Amino acid sequence: MKILCLSNGHGEDAIALRILKALQQAAPDLKLAALPIVGDGHAFRSARIPIAGPTQTMPSGGFVYMDGKQLWGDVRGGLLGLTRSQLQVVRQWDGTLLAVGDIVPLLFAWLSGAPYAFVGTAKSEYYLRDEAGPLPRSTWFERLEDWSGSVYLPWERWLMSRPRCQAVFPRDSLTAKTLQRWAIPAVDLGNPMMDGLPAALPSVNDAPHPRRLLLLPGSRSPEAERNWEVILAAVDAVLAVWDGVDLLAAIAPHLNQASFAELLMARGWQGAAGGYRRGSATLQMDSRFYESASQADAAIAMAGTATEQVVGLGKPVLTLAGEGPQFTPAFAEAQTRLLGPSVELVSAPENMGKALQALWDNRQRRRAIAANGLRRLGPPGAAARIAAHLLNVMA
């Protein structure tokens, strides 16, 4: 048996890789390959997963849907020729295809003429509704989604309901239940982005203030450096309320930590054993996200996937809108709908101290946040469950 995995983004590559590794472990003789539609496929190459066709990093970094100028830059950068070559590879594949991401890899899989499965990472019914009912509508596109009955629009559901589509793995239970209303083979097996992290903690910190705060500026330069400056301003507001907080900064390993350190010291932080210190507050910069997320009580974040993972651990997150291209005001607002009460969008950095204090004074709210994280992200182990289901339907 053979599987070609299609994905279209850094986060999608990471989720796809978890599933491919689970497939390798469950079926060592299975022939696997990947075709990242966005980016150079570094994650797959590092894991020694063969790349089946041409790859190229585009100027937008994969965020073409956020800005028409970004799309035009990608077109000038060779997007059309790359897409044509990748479609040729897909049409020649003689096994099953696993599409991970949004409608782009799903459409590629359908165009192949081969059997396929879909892991939907980009959309969730929580953008439109929660367990209590519909959320307020604001834009015409949201009203279109509401009219169609799902966050997945009719043409997307059509692709998922084709006879060659063997399985659909939505990102949460609410979305799976919604898609099952149509002739779509949707199964609720959890979200692979939680794999490798501990299960959500049922307890809530009773300390008078958070002992450890996680700082998440994002993973794309130069946006991450701009976000870092905003987060440091928010930290100033927090330390004005509680000066004895320990800070953990999760800086992606491919980013230059020296530039983050310079911005830190410009705000009065000084190097100390194991990190930095200002007054009675300490700050450590580390690329080990999983360890930092597990230790933190809450997070100040301007990130995508990492924010969702912290929420999945049952922990509260306070966010601030940035300039983009990813963490724009629109993205930040949409994230609050996706993740519900676990995420609070703070209007300005100087308001972060008051927002965090109000959160910490409300123990009932933090207990609801802990339960919400598990409900929206699910327990660890989704990749293995998806792999087992895939092997079953392929057989």
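Not measured: the values here are computed from a predicted model. (Residues numbered from 1 in each chain as written. Predicted model: local features only at pLDDT ≥ 70, side-chain atom pairs only at ≥ 80, totals over all residues. Heavy atoms only, no water.)

Asker: Help me understand the packing of aromatic side chains in this model?
Answerer: The geometry of two aromatic rings is summed up by the distance between their centres and the angle between their planes. Counted according to the given criterion, the structure contains five aromatic pairs. Relative to Y152, the ring of F118 has its centre 6.4 Å away and its plane inclined at 80°; by these criteria the two rings are edge-to-face. With F118 in strand β4 (residues 116-120) and Y152 in the loop between α6 (140-148) and α7 (154-160), this residue pair connects regions lying 34 residues apart in the sequence. For the pair F118 and Y152, one class covers both residues: buried. (Phe/Tyr/Trp six-rings, centres within 6.5 Å; stacked < 30°, edge-to-face > 60°. Helix = DSSP H or I, 4+ residues; strand = E, 2+ residues; numbered from the N terminus. Buried < 20%, exposed > 50% of the residue type's maximum accessible area, 1.4 Å probe, protein only.)

Asker: It is not clear to me how the nonpolar core should be interpreted in this structure. Could you clarify?
Answerer: Among soluble globular proteins, nonpolar side chains are generally buried collectively. Core analysis: the largest hydrophobic core is formed by 80 residues, its most contacted members being L23 and L214. Per-element accounting of this core gives the leading share, seven residues, to helix α1 (residues 10-26). In this structure L23 touches I3, L30, L32, A387, L390 and L391, once residues within four positions along its chain are discounted. If you look at the next biggest cluster of nonpolar residues, it comprises 40 residues, including L215, I231, A237 and A261. (Core = buried A, V, L, I, M, F, W, Y, C linked by side-chain atoms within 4.5 Å. Contact = heavy atoms within 4.5 Å.)

Asker: What is the right way to look at the environment of M194 in this model?
Answerer: Following the sequence through the fold, M194 ends up in the loop between α8 (173-179) and β8 (212-216). It is 22 Å that separates the C-alpha atoms of M194 and T178, two residues lying 16 residues apart in sequence. With sequence-adjacent residues up to four places away left out, M194 is seen in contact with E308, Q309, G312, L313, L377, G378 and P380.

Asker: Is there a simple way to explain the sheet that holds strand β3 (residues 96-101) in this structure?
Answerer: Picture the strands of a sheet paired through backbone hydrogen bonds; they go either parallel or antiparallel. Taken together, the five strands give an open sheet; going across it, the order is β2-β1-β3-β4-β7, and neighbouring strands pair in parallel fashion. Both edges of this open sheet fall to β2 (31-36) and β7 (165-169), since each of them pairs with a single strand only. With strand direction ignored, the average angle separating the axes of adjacent strands in the sheet is 15°. Summarising the sheet, β3 and β4 pair through five bridges and their orientation is parallel. Across the sheet, residue G101 finds its bridge partner in β4, namely G120. Taken strand by strand, α1 contacts β1 (2-7), β2, β3 and β4, and its axis lies near 165° from that of β1. Packed on one face of the sheet, helix α5 (residues 103-111) meets β1, β3 and β4 and runs near 165° to β3. (Pairing = 2+ DSSP bridges. Axes fitted to C-alpha atoms, helices over the stretch in contact; angles between N-to-C directions.)

Asker: I would appreciate a short explanation of the side chain of R376 in the present structure.
Answerer: Note on placement: R376 falls in helix α15 (residues 363-377). In this structure R376 is buried but unpaired, with D130 as the nearest side chain of opposite charge at 4.6 Å. Here the side chain of R376 touches R337 through a polar contact of 3.2 Å, landing on its backbone oxygen. In contact with R376, not counting residues within four places along its chain, are Y126, D130, R171, D172, R337, L338, L339, G340 and P341. (Lys, Arg positive; Asp, Glu negative; His and termini not counted. Salt bridge = Lys/Arg side-chain N within 4 Å of Asp/Glu carboxyl O. Polar contact = N/O pair within 3.5 Å; in protein donor to acceptor, adjacent residues only side chain to side chain.)

Asker: In this structure, what is going on with the state of the cysteines? I would like to understand it.
Answerer: Note on terminology: disulfide describes a covalent bond linking the sulfur atoms of two cysteines. Applying the stated criterion to the full structure yields zero disulfides. With no disulfide of its own, C165 has C5 as its nearest cysteine by sulfur position, at a separation of 14 Å. (Disulfide = S-S within 2.5 Å.)

Asker: Please clarify how the packing of helix α9 (residues 223-239) against helix α14 (residues 352-360) should be interpreted in this entry.
Answerer: Helix-helix packing is characterised by the crossing angle of the two axes and by the distance between the axes. Packing of α9 against α14 leaves a shortest axis separation of 7 Å and a crossing angle of 55°. With respect to α14, the element α9 is oriented oblique. Between α9 and α14 lies a crossing of right-handed hand. Here A234, A237 and V238 of α9 come into contact with α14, specifically with M352, G353 and L356. (Parallel < 35°, antiparallel > 145°, perpendicular 65-115°, else oblique. Left-handed = near helix turned anticlockwise from the far one by under 90°.)

Asker: Would you mind going over α9 with me for this structure?
Answerer: For α9, spanning 17 residues, the distance from its first C-alpha to its last is 24 Å, which sits close to the expected 24 Å at 1.5 Å a residue. When you tally the buried positions in α9, you get twelve out of 17 residues, the bulk of the element. E223, A224, E225, N227, W228, I231, L232, A234, V235, A237, V238 and L239 are the residues of α9 that are buried. (Expected span 1.5 Å × (residues − 1).)

Asker: Is there a simple way to think about the sheet that holds strand β13 (residues 298-301) in this case?
Answerer: As summarised here, the arrangement of the eight strands in space is β10-β11-β12-β9-β8-β13-β14-β15, forming an open sheet in which the pairing is mixed. One side of each edge strand has no neighbouring strand; the edge strands of this open sheet are β10 (270-272) and β15 (343-345). Put simply, the sheet's adjacent strands are angled 25° from each other on average, direction ignored. When β13 meets strand β14 (residues 317-319), the two strands line up parallel, connected through three bridges. By the bridge assignment for β14, A301 is matched with T319. Its contacts with the sheet put helix α10 (residues 257-265) on β11 (275-278) and β12 (281-286), and the angle it makes with β12 is roughly 165°.

Asker: It is not clear to me how the pairing of β4 should be interpreted in this structure. Could you clarify?
Answerer: In regular strands, side chains alternate between the two faces of the sheet. Burial analysis of β4 places five of its five residues in the buried class, which makes it a mostly covered element. By the alternation rule, side chains of β4 split into Y116, F118 and G120 and A117 and V119, which are all buried. Crossover connection from β3 via α5 to parallel β4: handedness right-handed. Two strands pair when backbone bridges link them, and β4 and β7 are joined in this way by four bridges, in the parallel orientation. Looking at the pairing, Y116 lines up with C165 of β7. (Right-handed = clockwise from strand over helix to strand, strands pointing away.)

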